[in-house]
Amino acid sequence: MGKETIGEFEEVVMLTVAVLYKEAYGITIKEEMEKHLKRGVNLGAMRIALKRLESKGFLKSEFGEVTAVRGGKRKRYYEVTPQGKKVLEQVMETRKQLWKSIPSVAFDFKFG
């Protein structure tokens, strides 16, 4: 395991950033993740993951314009980098290969 790997939570964060595209900032990322995961997401854990993914070069961020809505605070917008897209594709391919490798009898459950 090296710098080119991501965990499941990081994968979900990156996929959510990609889903939101130009609207990916703190609260929208959290809300979209909760919608898809159907459970609460710890904002602190999400922010740590965003920072870690950015340090790995899988995400990049920039501040938006100052608005009066947030008391003058700017939103930090995230987007997936080409390197991030590549690692997401590797994760997806690994999962596909694992699913294809499962023998049909492995899920042949008998109940009763």
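Whatever comes next refers back to the structure up there.
Keep in mind the model is a prediction, meaning the values are calculated, not measured.

Cut-offs used in this document
- Here the residue index of a chain counts from 1 through its sequence in written order.
- Reporting of local features is limited, given that this is a predicted model, to residues whose pLDDT is at least 70; pairs of side-chain atoms are given and counted only at 80 or more, and all residues count toward the totals for whole chains, interfaces and linings.
- The side-chain numbers reported here are obtained from all heavy atoms of the structure, hydrogens and water having been left aside.
- Helix and strand assignments follow DSSP, with helices taken as H or I runs no shorter than four residues and strands as E runs no shorter than two, numbered in order from the N terminus.
- Computation of the radius of gyration draws on C-alpha atoms, with the globule rule given as 2.2 Å multiplied by the number of residues to the power 0.38.
- Burial classification: accessible surface area is computed with a 1.4 Å probe over protein chains only, and a residue below 20% of its type maximum counts as buried, one above 50% as exposed, and the rest as partly exposed.
- Here a residue-residue contact requires only that any non-hydrogen atoms of the pair lie within 4.5 Å.
- What sets the accessible areas is the Shrake-Rupley method with a 1.4 Å probe; for residues, cover comes only from the shown protein chains.
- His is not counted here, nor are the chain ends, while Lys and Arg score as positive and Asp and Glu score as negative.
- Taken as the charge location is NZ of Lys, CZ of Arg, CG of Asp or CD of Glu.
- As used in this record, nonpolar core signifies buried Ala, Val, Leu, Ile, Met, Phe, Trp, Tyr and Cys residues forming a set joined through side-chain atoms within 4.5 Å.
- Note on geometry: axes are lines fitted to C-alpha atoms, helical ones only across the stretch in contact, with angles between N-to-C directions running from 0 to 180 degrees.
- Each angle is binned into one of four classes, with values under 35 degrees roughly parallel, values over 145 roughly antiparallel, values of 65 to 115 roughly perpendicular, and all other values oblique.
- Put simply, Ala, Val, Leu, Ile, Met, Phe, Trp, Tyr, Cys and Pro go in the nonpolar bin, Asp, Glu, Lys and Arg in the charged bin, and everything else, Gly too, in the polar bin.
- Points on a 1 Å grid, built from protein atoms alone, make a cavity when a 1.4 Å probe fits but cannot get out and make a pocket when they are open with protein on both sides within 12 Å along at least 5 of 7 lines; residues with an atom within 4 Å of a point are the lining residues.
- Grid points are joined across faces, edges and corners, and a volume is the space filled by probe spheres set on the points.
- One less than the number of residues in a helix, times 1.5 Å, gives the span that helix is expected to have.
- Read the arc as the range of directions from the helix axis to the C-beta atoms.

Colleague: What is the right way to look at the overall build of the chain in this model?
Modeller: A count of helices and strands for the chain gives four helices and two strands. When the elements of the chain are put in sequence order from the N terminus, they spell out α-α-α-β-β-α. Taking 112 residues into account, the globule formula puts the C-alpha radius of gyration at 13 Å, and the chain, at 17 Å, lies well above it. The C-alpha extent of the chain, read off along each of the three principal axes, is 60 × 35 × 20 Å. Relative to its 112 residues, the chain shows a buried fraction of 27%. Sequence-distant contacts, at least 24 apart, represent 55% of the contacts inside the chain between residues at least 6 apart. Element-wise, carbon and sulfur atoms account for 57% of the exposed surface of the chain, whose accessible area totals about 8200 Å². Charge separation in the chain, taken as the distance between the mean sites of 22 positive and 15 negative side-chain charges, equals 3 Å.

Colleague: Whenever I open this one, the side chain of T16 confuses me. Can you help?
Modeller: Within the secondary structure, T16 sits in helix 1 (residues 8-20). A residue is classified by how much of its surface remains accessible, and T16, at 5% relative accessible area, is buried.

Colleague: Just checking my understanding: could you explain the nonpolar core for this structure?
Modeller: Generally speaking, nonpolar side chains in soluble globular proteins are found buried as a group. The biggest cluster of nonpolar side chains holds 19 residues, and the ones touching the most others in it are I6, V13, M14, V17, I29 and L50. Mapped by element, the contributors of at least two residues to this core are helix 1, helix 2 (26-37), helix 3 (43-55) and helix 4 (82-101). Ignoring sequence-local partners within four residues, the contact set of L50 consists of V13, V17, I29, L59 and Y78.

Colleague: Quick question: what am I supposed to make of the packing of helix 1 against helix 3 here?
Modeller: Angle between the axes and distance between the axes are the two parameters that describe a pair of packed helices. One way to put it is that helix 1 packs onto helix 3 with a least axis distance of 10 Å and a crossing angle of 80°. As far as their axial angle goes, helix 3 and helix 1 are roughly perpendicular. Judged by residue contacts, F9, E10, V13, M14 and V17 of helix 1 engage A45, M46, A49, L50, R52 and L53 from helix 3. Among the residues forming the contact of helix 1 with helix 3, the class breakdown is nine nonpolar, no polar and two charged.

Colleague: Is there a simple way to explain the layout of surface pockets in this structure?
Modeller: Empty space among the atoms becomes apparent when a probe as large as a water molecule is rolled across them. Put simply, the largest pocket is a space of about 370 Å³. G26, R47, R70, R76 and Y78 are, among the 15 residues lining the largest pocket, the residues nearest its centre. Broken down by class, the residue content of the lining of the largest pocket amounts to six nonpolar, one polar and eight charged. What lines the second largest pocket is a set of 13 residues, among which Y21, K22, Y77, Y78 and E79 lie closest to the centre.

Colleague: Looking at this structure, I do not really get helix 4. What am I missing?
Modeller: What sets the pattern is the α-helix's 3.6 residues per turn: residues three or four places apart point alike. Here helix 4 spans 29 Å end to end across 20 residues, near enough to the 28 Å set by a 1.5 Å rise per residue. Among the residues of helix 4, those classed as buried are G84, V87, L88 and V91. Around the axis of helix 4, the buried residues are gathered within 100° of arc, so they sit on the same side. Turned more than 90 degrees off the buried face of helix 4, the exposed positions are P82, K86, K100 and S101. Summarising the contacts, the buried residues of helix 4 are in contact with helix 1 and strand 2 (76-80).

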